[in-house]
Amino acid sequence: IQVTSSVLLTNSTIDLECSTNSGNTFTIDWSTTGDIILIDSKIEVTQYRTAKMEFEAGNISLTNSTLHAGTKYTSYSSNTVDSDIIFRTDSLSLDNSTVTSRSEQTSDNGSGYTRKAYSDLTVEAEILEMENSTLLSQGSNSGTRSGWNKDAYVNLEIEAGNITVTDSEIESERTTSH
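All of the points below concern the structure found in this document.

Conventions used here
Residues numbered from 1 in each chain as written. Predicted model: local features only at pLDDT ≥ 70, side-chain atom pairs only at ≥ 80, totals over all residues. Heavy atoms only, no water. Helix = DSSP H or I, 4+ residues; strand = E, 2+ residues; numbered from the N terminus. Buried < 20%, exposed > 50% of the residue type's maximum accessible area, 1.4 Å probe, protein only. Contact = heavy atoms within 4.5 Å. Areas by Shrake-Rupley, 256 points an atom, 1.4 Å probe, with all protein chains shown as cover. Phe/Tyr/Trp six-rings, centres within 6.5 Å; stacked < 30°, edge-to-face > 60°. Salt bridge = Lys/Arg side-chain N within 4 Å of Asp/Glu carboxyl O.

## Describing the overall build of the chain
Argument step 1. Helix and strand content of the chain: zero helices and 14 strands.
Argument step 2. Starting at the N terminus and walking to the C terminus, you meet the elements of the chain as β-β-β-β-β-β-β-β-β-β-β-β-β-β.
Argument step 3. Burial statistics for the chain: of 178 residues in total, 42% are counted as buried.
Argument step 4. Pairs at least 24 apart in sequence give 77% of the contacts found in the chain among residues at least 6 apart.
Argument step 5. Of the roughly 8100 Å² of accessible surface on the chain, 40% is carried by carbon and sulfur atoms.

Structure follows, in structure tokens:
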């Protein structure tokens with residue numbers, strides 16, 4: 001969606017769940033010269049193989065809101081899951097809000113399949129302000145075979161000129177069976 005003014009979601013829910021292992025891709029790409037504002041709202045996508053949320057605006061503000069990009073694969077065959085949330089803005093403000101990027105490979109089959117999980121959370125902002133909020137990037141892979149069947153890659157990247165964090169969490173979590 002490209003908007004020349006602002007995007008405002010108030011008391012709204014976008015909750016999309018894909019059946020597991022279906023191979024679907026979900027993408028939100030909002031770009032505006034104005035602002036993106038979420039108040040008492042939730043955007044959540046789960047169990048896709050690829051989930052990407054990208055927000056670009058002059059200012060982005062989340063108040064009492066949740067953004068969650070989740071991917072999950074439960075079978076033992078070769079597969080990659082990838083979750084990404086990207087903010088590009090002059091100012092990102094999170095107040096009592098949660099932003100989570102999570103990728104999961106849940107099969108623990110020890111066969112010779114290549115299964116990977118990628119989770120990326122990127123903030124590019126001149127100003128980042130967080131109060132009672134969470135930024136979390138998680139990746140997990142339950143594969144039991146060494147080398148190619150247990151990879152989980154987690155990236156949490158923040159590029160900001162000014163950062164103010166109050167009673168908040170910024171976390172990157174990687175879980176494997178090894």
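## A look at the packing of aromatic side chains
Any two aromatic rings considered together are summarised by their centre-to-centre distance and by the angle between their planes.
Argument step 1. A complete count under the given rule lists three aromatic pairs for this structure.
Argument step 2. Measuring from centroid to centroid gives 5.5 Å for W30 and F55, while their planes differ by 80°, and the two rings are edge-to-face. A residue pair is termed long-range when its members are at least 10 positions apart, and W30 in strand 4 (residues 25–32) and F55 in strand 7 (residues 50–63) qualify at 25 residues. In this structure, W30 and F55 share a single accessibility class: buried.
Argument step 3. Between F55 and F87, the aromatic rings sit 5.8 Å apart at their centres with planes inclined by 20°, giving stacked as the arrangement. In this pair, F55 sits in strand 7 while F87 sits in strand 9 (residues 79–95), placing the two residues 32 residues apart along the sequence. Of the two residues, F55 and F87, both sit in the buried class.
Argument step 4. Pairwise contacts between aromatic rings join W30, F55 and F87 into one cluster.

## Things to note about the pattern of salt bridges
In a structure, side chains of opposite charge can pair up when their charged atoms sit close to one another.
Argument step 1. Counted according to the given criterion, the structure contains six salt bridges.
Argument step 2. When the shortest N-O distance is used, the salt bridge between R88 and E124 registers 3.3 Å. Taken together, the positions of R88 in strand 9 and E124 in strand 11 (residues 115–131) put the pair 36 residues apart, joining distant regions of the chain.
Argument step 3. Residue R88 is classed as partly exposed on the basis of its relative accessible area, which comes to 28%.
Argument step 4. A relative accessible area of 29% places E124 in the partly exposed class.
Argument step 5. When the shortest N-O distance is used, the salt bridge between E104 and R102 registers 3.2 Å.
Argument step 6. For R102, a relative accessible area of 22% translates into the label partly exposed.
Argument step 7. Within the structure, one salt-bridge network assembled from shared partners comprises K52, E54, R88 and E124.

Coordinates in, geometry out; function isn't part of it.
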